[in-house]
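Observations on the three-dimensional arrangement
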Amino acid sequence: MIIVIFNPMADCKFITQLYGKEIKASSEVYTLDDAFFFGKNLLFWRKSMKRSTPLFSRRKIVKTVAAATLALSTGLLGANYALAAPGELEKEDLKFGFIKLTDMAPLAVAYEKGFFEDEGLYVTLEAQANWKVLLDGVIGGELDGAHMLAGQPLGATIGFGTKADIITAFSMDLNGNAITVSNDIWQQMKPNIPTKDGKPVHPISASSLKPVIEKYQDEGKPFNMGMVFPVSTHNYELRYWLAAGGVHPGYYAPHKGDVSGMIDAEALLSVTPPPQMPSTMEAGTIYGYCVGEPWNQQAVFKGIGVPVITDYEIWKDNPEKVFGVSKAWADENPNTHIAVVKAMIRAAEWLDANDLANRPEAVKILSQSNYVGADYDVIANSMTGTFEYEKDDKREVPDFNVFFKKNATYPYYSDAIWYLSQMRRWGQIAEPKTDEWFMDIAKKVYRPDIYAVAAKELISEGKLDAKDFPDFATETGFKPAQTEFIDSITFDGTKPNDYLNQFPIGLKGDDVIK
């Protein structure tokens, strides 16, 4: 067994002995910023190859090495015993995937501000080509976790698309999306939109788009729009907005092998990766799209389109992305999972702190090519509390991106049930389901229990305050009934079938696409 002689209060030299035989004293001086880890039969040291920050926190290094020294010196461990510190990380080198959107910010900030490394994690962040590639990477184990569409863990779990058990213990943000149309479509919509002081009155209803779509139908032309993935928030928000304005967005029928989502559709929605939305619209392939930032503001800056509504106006403070991992990974790496959630909670808090005072720095980080890679000004247009609709029509929208306040990071069961309700509404869940079924799936996928452990550790460590979190002793996982939707329909997560029955367009009750 290798014995490390260590002075935790000062720089020190390492002396190694193997069963009493001196090997060689290290002539190099190391500090507490060097990393330690425990192997199967021995206690190793290693220099950080990525950053001069510790694999464990300083507190953990002192505590763990002190315990190791005591155990070794008193003969408490056998020669082949695997030393395990309390709360030891099962896996320290991690790879996380993301799509180039501003709401991947908690990942970038956790990396750049050292929050991952504070938890003993060496993280690589890797942009993915599209949402399917990202999900496949998590399912196949190439990625340890990822910035995901909230619908992806749910869709995978119920088998819409690739069947896999994916869970989430962290909600990444609220709001953050918008619907943009081309300049030509905007000019056709404008006569149908009320104005005040020469500017359009928001929110803009899809009823102003309906006559334009009818004109295309009369001319025998399909009206094509883009969204990022079949189980994306963007798909459901675009469908919600269209249906609220009297435009049918179409049904899925997976039981019949039809996953186009275009049955009975008046507007035809298809998948386009987020960074390609502006160029696809500019080419005329689609006439509008729903996407996250910065790809709506990019259309404004390029002068090719106009964002007509934000998702904040469709559903105020709607849940957006989540951080997803496979259930198998979570089961194998429970301490690592908690450490990841802790780091991301701290990143989210930093993003919203002091009335968004850190947002300019966050924008600078996100503008790097290895993250979002869009121009600083494009990202800042929405990340710093404003949003630009038509060119020079910039308005205050302080909650366009919410990362921490309003319990944004808490994985509510009711959020999961809203997504499942939309899957049922548009036929991705082909058969009727009981309210109990919705609840069971929500509890299988959304894991506030894991979140609570992470949050309580941060509170006990003095990094965050209990007032910043739900009251874990009384929290049920269900938000109060929500009323601030564009169509004024109330959502109560405990009664999903009653919710579905309120919609004039969409499947409900015993409806099945024949």
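Structure's up top.
These numbers were taken from a predicted model, which means no experiment stands behind them. (Residues numbered from 1 in each chain as written. Predicted model: local features only at pLDDT ≥ 70, side-chain atom pairs only at ≥ 80, totals over all residues. Heavy atoms only, no water.)

Considerations on the overall build of the protein
The following threshold applies: Segments assigned H or I by DSSP are reported as helices when at least four residues long, segments assigned E as strands when at least two residues long, and all are numbered from the N terminus. Relative accessibility under 20% of the residue-type maximum defines a buried residue, over 50% an exposed one, and the middle range a partly exposed one, all with a 1.4 Å probe and only protein chains included. In this description, accessible areas are obtained by the Shrake-Rupley approach with a 1.4 Å probe, and a residue is regarded as covered only by the protein chains that are shown.
On a plain count of helices and strands, the protein comes out with 19 helices and 22 strands. Across the 514 residues of the protein, 56% fall into the buried class. With the model as given, the accessible surface of the protein reaches about 20500 Å², and the carbon-plus-sulfur share is 52%.

Points about the side chain of Gln482
Spelled out, the test is: Note on contacts: a residue pair qualifies if any of its non-hydrogen atoms lie within 4.5 Å across the two residues.
Locating Gln482 in the fold gives a position in the loop between helix H18 (448-460) and helix H19 (496-500). For Gln482, a relative accessible area of 13% gives the class buried. Leaving out residues up to four positions away in the same chain, Gln482 has contacts with Trp315, Ile489, Thr490 and Phe491.

Side note on the layout of surface pockets
Test applied: The rule is simple: put a 1 Å grid over the protein atoms alone, call a set of points where a 1.4 Å probe fits but cannot get out a cavity, call an open set with protein on both sides within 12 Å along at least five of seven lines a pocket, and count a residue as lining if it has an atom within 4 Å of a point. Grid points are joined across faces, edges and corners, and a volume is the space filled by probe spheres set on the points. In this count, Pro and Cys sit with the nonpolar residues alongside Ala, Val, Leu, Ile, Met, Phe, Trp and Tyr, while Asp, Glu, Lys and Arg are called charged and the others, Gly among them, polar.
Within this model, the second largest pocket holds a volume of roughly 250 Å³. Surrounding the second largest pocket, 15 residues form its lining, Lys316, Asp317, Lys406, Lys479 and Gln482 being those nearest its centre. In the lining of the second largest pocket, the residues fall into six nonpolar, three polar and six charged.

As for the sheet that holds strand S7 (residues 145-149)
Going by this rule: Should DSSP find at least two bridges between two strands, the strands are taken to pair. Geometry is summarised by axes, namely lines fitted to C-alpha atoms with helices restricted to the contacting stretch, and by angles between N-to-C directions that run from 0 to 180 degrees.
A sheet is described by the order of its strands in space; here five strands give the open sequence S6-S5-S7-S19-S8, paired in mixed fashion. Strand pairing shows two members of the sheet lacking a second neighbour, strand S6 (122-127) and strand S8 (166-171), which therefore form its edges. If you compare each strand with its neighbour and ignore which way they point, the axes differ by 30° on average. Pairing between S8 and strand S19 (residues 321-326): five bridges, direction antiparallel. Residue pairing in the sheet places Thr168 in a bridge with Gly324 of S19.

A closer look at the packing of aromatic side chains
Applicable threshold: Each pair of aromatic rings taken from Phe, Tyr and Trp, with Trp reduced to its six-membered ring, is defined by centres within 6.5 Å and is described as stacked if the planes are under 30 degrees apart, edge-to-face if over 60, and tilted in the remaining cases. Any Lys NZ or Arg CZ that is within 6 Å of a ring centre and within 35 degrees of that ring's normal is treated as a charge sitting over the ring.
A full pass over the atoms with the stated rule returns 30 aromatic pairs. Geometry around Phe301 places Lys391 over its ring, the cationic atom sitting 5.0 Å from the centre. We note Arg425 situated over the ring of Phe503; from NZ or CZ to the ring centre the distance is 3.7 Å.

Looking at the packing of helix H10 (residues 295-302) against helix H15 (residues 376-383)
Heads up, the condition is: Any angle from 65 to 115 degrees is called roughly perpendicular, while one under 35 is roughly parallel, one over 145 is roughly antiparallel, and all others are oblique. By definition, any crossing whose near helix is turned counterclockwise from its far helix by less than a right angle is left-handed, and any crossing with a clockwise turn is right-handed.
The geometry of H10 relative to H15 is characterised by a closest axis approach of 9 Å and an angle of 125° between their N-to-C directions. Of the possible angle classes, the one that applies to H10 and H15 is oblique. Between H10 and H15 lies a crossing of right-handed hand. Across the interface between the two elements, Gln297, Gln298 and Phe301 of H10 pack against Asp377, Val378, Asn381 and Ser382 of H15. Looking at the contact of H10 with H15 residue by residue, the class counts come to two nonpolar, four polar and one charged.

Everything listed is a geometric property; what it means functionally is a separate question.
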